[in-house]
Amino acid sequence: MTDSKYFTTTKKGEIFELKAELNSDKKEKKKEAVKKVIASMTVGKDVSALFPDVVNCMQTDNLELKKLVYLYLMNYAKSQPDMAIMAVNTFVKDCEDPNPLIRALAVRTMGCIRVDKITEYLCEPLRKCLKDEDPYVRKTAAVCVAKLHDINAQLVEDQGFLDTLKDLISDSNPMVVANAVAALSEIAESHPSSNLLDLNPQSINKLLTALNECTEWGQIFILDCLANYTPKDDREAQSICERVTPRLSHANSAVVLSAVKVLMKFMEMLSKDLDYYGTLLKKLAPPLVTLLSAEPELQYVALRNINLIVQKRPEILKHEMKVFFVKYNDPIYVKLEKLDIMIRLASQANIAQVLAELKEYATEVDVDFVRKAVRAIGRCAIKVEQSAERCVSTLLDLIQTKVNYVVQEAIVVIKDIFRKYPNKYESVIATLCENLDSLDEPEARAAMIWIVGEYAERIDNADELLESFLEGFHDESTQVQLQLLTAIVKLFLKKPTETQELVQQVLSLATQDSDNPDLRDRGYIYWRLLSTDPVAAKEVVLAEKPLISEETDLIEPTLLDELICYIGTLASVYHKPPSAFVEGGRGVVHKSLPPRTASSESTESPETAPAGAPPGEQLDVIPTQGDLLGDLLNLDLGPPVSGPPLATSSVQMGAVDLLGSGLDSLMGDEPEGIGTPNFVSPPATAVPANLGAPMGSGLSDLFDLTSGVGTLSGSYVAPKAVWLPAMKAKGLEISGTFTRQVGSISMDLQLTNKALQVMTDFAIQFNRNSFGLAPAAPLQVHAPLSPNQTVEISLPLNTVGSVMKMEPLNNLQVAVKNNIDVFYFSTLYPLHILFVEDGKMDRQMFLATWKDIPNENEAQFQIRDCPLNAEAVSSRLQSSNIFTVAKRNVEGQDMLYQSLKLTNGIWVLAELRIQPGNPSFMLSLKCRAPEVSQHVYQAYETILKN
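Described below are features of the structure shown in this document. The model shown is predicted, which means the values in this text are computed figures rather than measured ones. (Residues numbered from 1 in each chain as written. Predicted model: local features only at pLDDT ≥ 70, side-chain atom pairs only at ≥ 80, totals over all residues. Heavy atoms only, no water.)

### Observations regarding the packing of helix α28 (residues 500-511) against helix α29 (residues 517-532)
The following threshold applies: Angles run from 0 to 180 degrees between N-to-C directions of axes, and those axes are lines fitted to C-alpha atoms, restricted for helices to the stretch in contact. Helix numbers and strand numbers start at the N terminus; a helix is a DSSP run of H or I with at least 4 residues, a strand a run of E with at least 2. Small angles under 35 degrees read as roughly parallel and large ones over 145 as roughly antiparallel, with 65 to 115 read as roughly perpendicular and the rest as oblique. Two helices crossing with the near one rotated counterclockwise from the far one by less than a right angle form a left-handed crossing, whereas a clockwise rotation gives a right-handed crossing. Here, two residues are considered to be in contact whenever any of their heavy atoms come within 4.5 Å of each other. The classification used treats Ala, Val, Leu, Ile, Met, Phe, Trp, Tyr, Cys and Pro as nonpolar, Asp, Glu, Lys and Arg as charged, and all other residues, Gly among them, as polar.
Between α28 and α29, the shortest axis-to-axis distance is 8 Å and the interhelical angle comes to 140°. Judged on the interaxial angle alone, α29 and α28 are oblique. For α28 against α29, the interelement crossing comes out left-handed. Side by side, α28 and α29 meet where V503, L507, S508, A510 and T511 of the first sit next to L519, R520, G523, Y524, Y526, W527 and L530 of the second. Counted by class, the contact of α28 with α29 contains eight nonpolar, three polar and one charged residues.

Structure representation (structure tokens):
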């Protein structure tokens, strides 16, 4: 009879009966009673009252009974810790039993009883079992050390179990080695700083020897451990790869993926010129293909891992396209994943095959799959230029099917094809326009509106088409409304006479009748542009579009490198690093591929920001120095151009603000051919007088921020220096400095007339610079500057000007004009004027970002002769927007962890080490744009020493 009888419901008072049976003299009756107790415990009944009676049954030679009692003990020891101590003697005794199975069972149960009171009694039996003659006991004891470490780490270290565990790596039995590695890896994960798995060539050799003989799970532990090792050179990497390669033919898919992970990691160190490198590529393909013949769930995991491998090394599977063709009975999740990999592997050699296959998929019944297939055709066109024509004709055939969702997807991808190949396939626009009425999805409607607006000059009835969309403007989604607004403005700029009413209608709908701030702002910017300067509007709205890239959905390189280190784990299925989905920091270590050898390809630029970077960080790689548009040093300057006079001062302020911050994002780049700086001299009533007034009566006074004090106690202000001596500027001497107060940057100028004639008509312009510094208002000199007269002016600045990387980074080239001539000078601005007020990172983000930024981006500096203590340093730096995120004391040293953020969104993280009584500090800086670090260090020096 089976054991199911124990699970049938029994009558009342069963606890009492069980108690009697447990104390019976008959062994069989005892065993039956314990089985009933375990059955009740399994279905959730509380049988803890029987604890002493069950524990009494431990004294038996019957292995089955002993196992059952131990099972009960594991479950209830936590709720009955005082009772559990009764069992300790039996454990100690069982650990010396002649039967190795009982010794192992005792040590395994000891590890599972998570009661602090008992742990210290278990140390002696565990020490004996770790040195037991039977390998089965030793391997069980190795795992027990990891469990004990989880309960009481200090005890394990004090008792020397970790050293015993390290010795087991050299054990003669491969299973003991595997379990020792697994236990050490587990402990090391919860204590990333401890160097437990101190791997060296000798220990690696022992692991590789054990690899061939242990069970499949033992092999996985060893392979995962090998993946954390960094070989000292390419020869060692090759030797390890040669010994791991046989694992690729293992039947267990987890072993195969772990082996692939090791090989993918060590291939980084091999030169592509080696014969072995080519051999290895060929060996990696068959096991990956074999994984695709497993059941669908395994296929999906394999495909997600292959997706990463193909992005890193597409050459491995470039000849295996056919295995990714979709089968009719594949589940949808497998189909979509295969489709993705097909596009990644598409090349000129196989594109015909791929397109034929995709066209077939587009006629399937599964809507999601068909949509993805149509999109895939478009991605192929963008990726393989030679196939673009064939792709476009395939898409047109699909549009002719008149299947609604197929037509809509086709229009979305054709828009991208137009962007990639301008002036090539516009002949198909007529066909697209025929399907206007059937479009009901926002993305398709927006794509169609973009096409009509972009090619309005080729479409005779473009105004009618756009007008038809305008009728239901308020019912459209935001995506469509924004696209419609831009398209009608484009149409107006191309056909102004015919579409004036239409543009006025859309602008009033967007600005007056809309609640959406994005739509309203875009409407106002267009309105302001069109009303003040239609030529500028044309240059902005009809600017040359940048070509779109081939692969828009590639994983960012540093994240991809990290995910390659996690092949075969959940991270490789989610395509996210463990820190993104594992709660709490325990066990999450950021991994990265080993550095490439010199003969290998160069590393990716450190400026590429990872997925987890703080908001705004992806956008701020500083552009490299290109050809210098409107170079200030060889300008052919015409007469000053006045800004268009506007009615009231408040409107002018709005215009400055609106066009300053909004236009920058709309403008692709500066239009070609700007030869002269457009000096803006102030219109009579344009700007409130206090904008260019001397310090102390500036904007801050409007909000009564200074309470009558001349300057705020804000960031450090350097004393004025002479930037342009009188002898170089026909008698005009310019001194100045930069300040930052309450989030506003100013250039504080002192102009002195050392000539014999009066100076008037002052204007100023900056050349393009690394951080887009530009005057936020015209240079105001209210009265003519008489001989020997000096005037002080505070010129407000913003950071929305044109950007170009300068050498050095903080170099600013300035042109100043007056009635006599135009003068040029350059000056270096201190970087701390660009440190923004919201530069304080929270601790978790700081920690994650510090780990995320590659180590090669870390720069170290020494700050000498600074007698301040940690508190004074922290408060002085905070006044210049360098914020202390955390502070701790390590071995008598004060460690300050700090963050700051530049106006263009670049974050800089710092660690400042201060030894009390020592005037020299150590500063470590980490940043995604490492060229900034030197200037941040100079800012630290300046702030702390003044």
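### A short note on the sheet that holds strand β7 (residues 774-775)
Selection criterion: Two strands pair under a simple rule: DSSP has to find at least two bridges between them.
Ordered by their spatial adjacency, five strands build an open sheet running β3-β4-β5-β8-β7, and the pairing between neighbours is antiparallel. The outermost strands of the open sheet, each flanked by one partner alone, are β3 (721-724) and β7. Where β7 lies against strand β8 (residues 790-798), two bridges are found, and the strand directions are antiparallel. If you follow A774 over to β8, its bridge partner there is N798.

### Observations concerning the packing of helix α8 (residues 116-130) against helix α11 (residues 161-168)
Following both chains from N to C, one finds α8 and α11 inclined at 15°, their axes separated by 11 Å at the closest point. Compared by their axis directions, α8 and α11 come out roughly parallel. Handedness of the α8/α11 crossing: left-handed. Where α8 abuts α11, its residues C123, L126, R127 and L130 lie against F161, T164 and L168.

### Observations regarding helix α17 (residues 275-291)
Heads up, the rule is: Burial here depends on accessible area, computed with a 1.4 Å probe over protein chains only, as a share of the maximum for the residue type. Under 20% is buried, over 50% is exposed, and the range in between is partly exposed.
Those residues of α17 that fall on the buried side of the exposure criterion are Y276, Y277, L280, L281, L284, A285, P287, L288 and L291. Looking at the buried side of α17, the elements it contacts are α15 (234-244), α16 (253-267) and α18 (296-312).

### Describing the packing of aromatic side chains
As a reminder, the rule being used: Note on ring pairs: Phe, Tyr and Trp rings are taken, using the six-membered ring of Trp, and paired if centres are within 6.5 Å. Classes follow the plane angle, with under 30 degrees stacked, over 60 edge-to-face and the rest tilted. For a lysine, the NZ atom is tested; for an arginine, the CZ atom; a charge sits over a ring if that atom is within 6 Å of the ring centre and within 35 degrees of the ring normal.
Across all of its chains, the model carries 11 aromatic pairs by this definition. Measuring from ring centre to ring centre gives 5.4 Å for F418 and Y455, while their planes differ by 80°; the resulting arrangement is edge-to-face. Taken as a pair, F418 in helix α23 (residues 404-420) and Y455 in the loop between α25 (442-454) and α26 (462-470) lie far apart in primary sequence, 37 residues in all. The residues F418 and Y455 share a single accessibility class, namely buried. For the pair F846 and Y897, a centre-to-centre distance of 6.3 Å together with 75° between the ring planes defines the contact as edge-to-face. Separated by 51 residues along the polypeptide, F846 in helix α35 (residues 843-852) and Y897 in strand β13 (residues 893-901) bring together distant segments of the chain. Seen from the ring of F369, K335 lies directly overhead, with NZ or CZ sitting 5.2 Å from the centre.

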